[in-house]
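Structure at a glance
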Amino acid sequence: MQLRLSSRLIISVSLIVGLMLSLFIWNSAKLTFNSQKEQLKQYIDDQADILSIALESGLAKNDQALLNQIINQLKNNPNIIYIIVYDNQQKVKAAFSPEHHPYSHAYNSQSILNKNAVDLVLPLEQNGTSLGEVHLGYSIKSLIDKTRTTKMINFGIALAGLLITILLTALLSFYITRGLRWLEAGAQAMEKNDLQFRIPLDSHDEIGNVARSFNALAEHLQQASKKLNSEYNLLENEKQRIETLLNSVNAVVLEIDPNSKDFLFVSQEAEKLLGYSCNEWLQPGFWKHHLHPDDLDWVSSAINEQLRETGDFSLDYRLRHRDGDYIWIRSIHSLSYDSDGQLHYRGLFLNITQEKKSEQRILYLANHDSLTGLHNRNHFQEQLSHQINYAIRFNLEGALLFIDLDQFKYINDTLGHQSGDDCLITAAQTLQSSLREVDVIGRLGGDEFGIILSRTDEEGAMQVAQNLLKNLALQTLFQDKLNITLSASIGIVMFPIQNTSPSELLARADAAMYTAKRNGRNQAHIYSDEDRELLNMQTKIHWENRIRHALDHNQFILHYQPIVDLRTNQVAHYEALLRMRDEDGGLIYPSDFLDIAERFGLISDIDKWVLNKSIQVQGETQRTGKPITLAVNLSGRHFGNTEFAQLVKNALKEYNADPHSLIFEVTETAAVENFAQAKNFIESLRNLGCRFALDDFGMGYSSFQYLKNLPVDMVKIDGNFVRNLHSNHDDRVIVKAMSELARGMHISTVAEFVENEEIKILLQEFGIDYGQGFHIAHPDADFIQQALTG
């Protein structure tokens, strides 16, 4: 604005100077015009004087001829319009007048009429004597024309001077204000944040100094702006990276107002957690409105207690989802003060709903049987202990019923484990629906169930038992196959009259159940001291303790039986076989303790021991440089058990074993009756590199169609088809057919029970790949060590 004012001031001053110059020229022209008028007046006066002198002589002598001569001479003067000479008598002495001229007034030498002519009256005197007068009309037209011309010339000169002055003023103004205009342009560019603009002036005057200062300032600001932009971009990238990290975390990152408990910030994961948008989370009272009513008081109290000091803390509680369901969240928080003493409350929300469900499931499974949903043996014994103590305290009587299903083993062996499970589920549902709500029922193991009847005498217990048998008999299973009717044997023992120990009561009830079974099954029996079956139960309890002791004190051992390649007679791999040491160092075979282990729920622990030990041994041979391949038997109960599959992975990693050197053997019956689970389980371990063999092939279902859908590497022909191969024609036909079938499917074959040379030769003729049996080698614990040192 100041630059514009300065420019305008210079232009205004220049214009004023130009106008003054023009006025000067105009005044000069005016003075010239006045001078011309004075010159005209003087000229006329001079001419009048000359004419007067010439005429005075003619009038004085009354010389008419002279007067006429003078008049005739004056005719040639273009400026003379008329002339009349009068004597002192006012008589015309001589005249020249082309026309009558109206002017007859006297001439005043002090003025000239503003017309094209002037009338002059000139007195004629001689020596003071009047001779007459001359009337003269003199034309001033030429003078007026010259005056007008002079005016026009002077006006043109003045106008030209004014225009030249304006032009010169404009040029001068442009030159003088050039630097100011650049300064103004620079100021406008800076106002628009155009920091690349530079003033192209390099003069050494004040404006040049200002221009250089401006350029230096612009350069500094431009560099500062670039630096700020670079830092801004870095901060923006960091912000985006942090936001990406926050939003990719499978948890809600948040900040909370310590006073109101309202959210100040939540990451995008919040939308997934509760189904509400981030903006909805930031609404006042959101947290309190969505907290479970049962958690509101204790959670608020716990948080307020934590707000009194800094540090970290976590709480588990429930928040309401948009759909109305409550989910479990783990609130992990950190409290800290900044340099200004401001408390910051930040943390995470983790969705632990599945974890809580898993915990509840684990707690449930810890106390319940996974198949039937009834109390398991441990929890049942705890409930029995509580019921015994309650009965003792209030002098009450109760009964314990021990139930064993009749013919369950027949169902299991004939129709398979899946049918056996269906049988157990039906029995459990029937028994449970027949009881009061206060009664307790549990699965004690296998096909055995226990029932606790509170406030019941012997008669009442027997009535309940008879009702249970009646309801079981109404259940008909497998009508399309065997049409089996459920039945059971029930042993009854009273507490606390007959005993107060839960384990002893179970033993006596078990003894009474065996008495009922011995007396014809499908009946109930109340325990008495004469029951000789108690000894058998005590023996089983003793075996349970021995198995637990063997697990706890590493009294199990593996023996290894070679499996040879029948084409080369070289050992291909070894099968790991379980044995248990007795107190004297002798060996106890699996047939003596596996049924009891199954009954008391110890079989899974034994399976895990065998698996872990076998993988450990393979890993040890791997490190010696002479790796041995081992075949390990797996029970069908592990199909679908992800925990067992994970156990295999962990053991392989822990002992650095080669999964390609492990062959898991599963029975054909177990694989077929749990086909889908078996297939998935086998594929999961084969993906690790392990191999699978189908054991006892040809027994059970004898269904070859399953073989093409099971991802196995070899089949082990059941020994019942092999042990009499040399003497039984049908066995030879079956084994030969199995060999051709397996070979066509690119599956290796193993024959068990190779007990003589004749069988071995026949197997070689049939194209069987591998053989195993006493004729080849007996199982021994030292085979692996011998193989490594041989």
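Parameters and conventions
Residues numbered from 1 in each chain as written. Predicted model: local features only at pLDDT ≥ 70, side-chain atom pairs only at ≥ 80, totals over all residues. Heavy atoms only, no water. Helix = DSSP H or I, 4+ residues; strand = E, 2+ residues; numbered from the N terminus. Expected span 1.5 Å × (residues − 1). Buried < 20%, exposed > 50% of the residue type's maximum accessible area, 1.4 Å probe, protein only. Arc of directions from axis to C-beta. Contact = heavy atoms within 4.5 Å. Polar contact = N/O pair within 3.5 Å; in protein donor to acceptor, adjacent residues only side chain to side chain. Phe/Tyr/Trp six-rings, centres within 6.5 Å; stacked < 30°, edge-to-face > 60°. pLDDT = per-residue confidence, 0-100. Salt bridge = Lys/Arg side-chain N within 4 Å of Asp/Glu carboxyl O.

Take helix α21 (residues 729–744) next. The first and last C-alpha atoms of α21 sit 23 Å apart over 16 residues, in line with the 22 Å expected at 1.5 Å per residue. Here α21 has its buried residues at D731, V735, M738, S739 and A742. Along the axis of α21, the buried positions cluster into a sector of 100°, meaning they face one direction only. More than 90 degrees from the buried face of α21, the exposed residues found are H729, D730 and G744. Buried positions along α21 lie against β22 (691–697), β23 (714–717), β24 (748–751) and α22 (757–766). The backbone nitrogen of D730 has a side-chain oxygen 2.9 Å away, supplied by the residue at the start of α21, namely N728. With its phi angle positive at about 60°, H746 sits one or two positions after the end of α21.

The next thing to look at is unusual backbone geometry. Residues F495 and P496 are joined by a peptide bond in cis, for which omega reads 0°. Among the structural elements, P496 can be located in the loop between β15 (488–495) and α14 (502–518). Phi is positive for R455, close to 50°, though the residue is something other than glycine. Mapped onto the elements of the fold, R455 is located in the loop between β12 (448–453) and α13 (458–473). Phi is positive for N569, close to 60°, though the residue is something other than glycine.

Attention now goes to the packing of aromatic side chains. Counting across every chain of the model gives 16 aromatic pairs. Aromatic side chains Y390 and F394 sit 4.7 Å apart centroid to centroid with 50° between the ring planes, which places their arrangement in the tilted category. The class for Y390 is partly exposed, based on a relative accessible area of 37%. Classification of F394 as partly exposed rests on a relative accessible area of 41%.

Turning next to the confidence of the model for the chain. Per-residue pLDDT for the chain averages 81, and the proportion of residues at 70 or more is 84%. When the criterion is pLDDT under 50, residues 1–7 qualifies, and its contacts beyond four places in sequence or with other chains add up to 8 contacts. Contacts of residues 100–114 to residues separated by more than four positions or lying in other chains number 29 contacts, the stretch itself having pLDDT below 50.

Attention now moves to the pattern of salt bridges. For the coordinates displayed, the defined rule picks out 20 salt bridges. Between R318 and D295 there is a salt bridge, and its shortest N-O distance comes to 3.0 Å. Here R318 is found in strand β7 (residues 311–320), whereas its partner D295 is found in helix α8 (residues 293–306), with 23 residues between them in sequence. On the basis of relative accessible area, D295 is assigned to the buried category, the value being 5%. Between D565 and R567 there is a salt bridge, with its nearest N and O atoms 3.1 Å apart. Among the residues examined, R567 registers a relative accessible area of 59% and is labelled exposed.

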